[in-house]
Amino acid sequence: MKNFNSQNLPDQLVANGWNTLLPINQYTESSSDNSPWEGLLGSSKTPVFPYSNLAEVIKLKRQHPLHAFRKYFNFKIVEASVEGENLGSDDITDILAINLASTDYAGHKFGPNSIEVEDVYLRLDQDLAKFFKYLDGKVGKNQYTVFVSADHGGAHSVGFLKEHKINTGFLVKEWKKFK
């Protein structure tokens, strides 16, 4: 981990900001890139790509923007752990648990219909493919098992539901009707 930490990856990850992986017009499964129910990232004034303020946000020690890049960072940490601990190199079973929370963070911050969330999942798909290729080379193809789970799904933002005329409200209001 000392060697890993010396690489200073967080600063490298945010140095160029965050832009979409694909041309923005290819994000066809999302709402527009400035929906009123989206949260703001760092010191941005609007929730739109590109986010160029990430390095500035770290220096100001405000809301840390690395949450959006956690999964990439996690894969780099995992690879360093596999190397440093020689995981998968003998006949003893190794268990490695990884928390990829960037999808959760982006879903809560921007809403599941956002371009930001679609971008995070497109990147996650690529990162998983790279990671499995890494494991194929390091441990051996068909020599490891992967389990994927989640702690919850993602509901539409209340603002999205209202805009699309879908009934919404807080449970407390509805619960009081039954008392």
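Residues numbered from 1 in each chain as written. Predicted model: local features only at pLDDT ≥ 70, side-chain atom pairs only at ≥ 80, totals over all residues. Heavy atoms only, no water.

### Overview of the overall build of the protein chain
- Scanning the protein chain from N- to C-terminus turns up eight helices and zero strands.
- Going from N to C terminus, the protein chain has its helices and strands arranged as α-α-α-α-α-α-α-α.
- When burial is assessed residue by residue, the protein chain has 33% of its 179 residues classed as buried.
- Put simply, of all contacts in the protein chain between residues at least 6 apart along the chain, 69% involve residues at least 24 apart.
- Counting only carbon and sulfur atoms, one obtains 54% of the accessible surface of the protein chain, whose full area is about 12200 Å². (Helix = DSSP H or I, 4+ residues; strand = E, 2+ residues; numbered from the N terminus. Buried < 20%, exposed > 50% of the residue type's maximum accessible area, 1.4 Å probe, protein only. Contact = heavy atoms within 4.5 Å. Areas by Shrake-Rupley, 256 points an atom, 1.4 Å probe, with all protein chains shown as cover.)

### Re the nonpolar core
- Counting residues in each nonpolar core, the largest one holds 13 residues, and the members touching the most others are Trp18, Leu41, Phe49, Tyr51, Leu54, Ala106 and Phe110.
- Look past the residues within four positions of Phe110 in its chain and what remains in contact with it is Trp18, Trp37, Glu38, Gly39, Leu41, Tyr51 and Glu116.
- Formed by eight residues, the second largest nonpolar core is a distinct cluster that contains Phe75, Val82, Leu124 and Leu135. (Core = buried A, V, L, I, M, F, W, Y, C linked by side-chain atoms within 4.5 Å.)

### A look at helix H6 (residues 115–138)
- Its 24 residues give H6 an end-to-end C-alpha distance of 34 Å, which sits within 8% of 34 Å, the value for a rise of 1.5 Å per residue.
- Among the residues making up H6, those that are buried are Ile115, Glu116, Val117, Glu118, Asp119, Val120, Leu124, Asp127, Phe131, Tyr134 and Leu135.
- After H6 finishes, the residue Gly140 shows a positive phi value of roughly 120 degrees. (Expected span 1.5 Å × (residues − 1).)

### A few points about unusual backbone geometry
- Between Phe49 and Pro50 the backbone carries a cis peptide bond, its omega angle lying at -5 degrees.
- A positive phi angle, near 55 degrees, is found at Asn86, a position not held by glycine.
- Mapped onto the secondary structure, Asn86 falls in the loop between helix H4 (70–85) and helix H5 (102–110).
- Given a relative accessible area of 45%, Asn86 falls into the partly exposed group.

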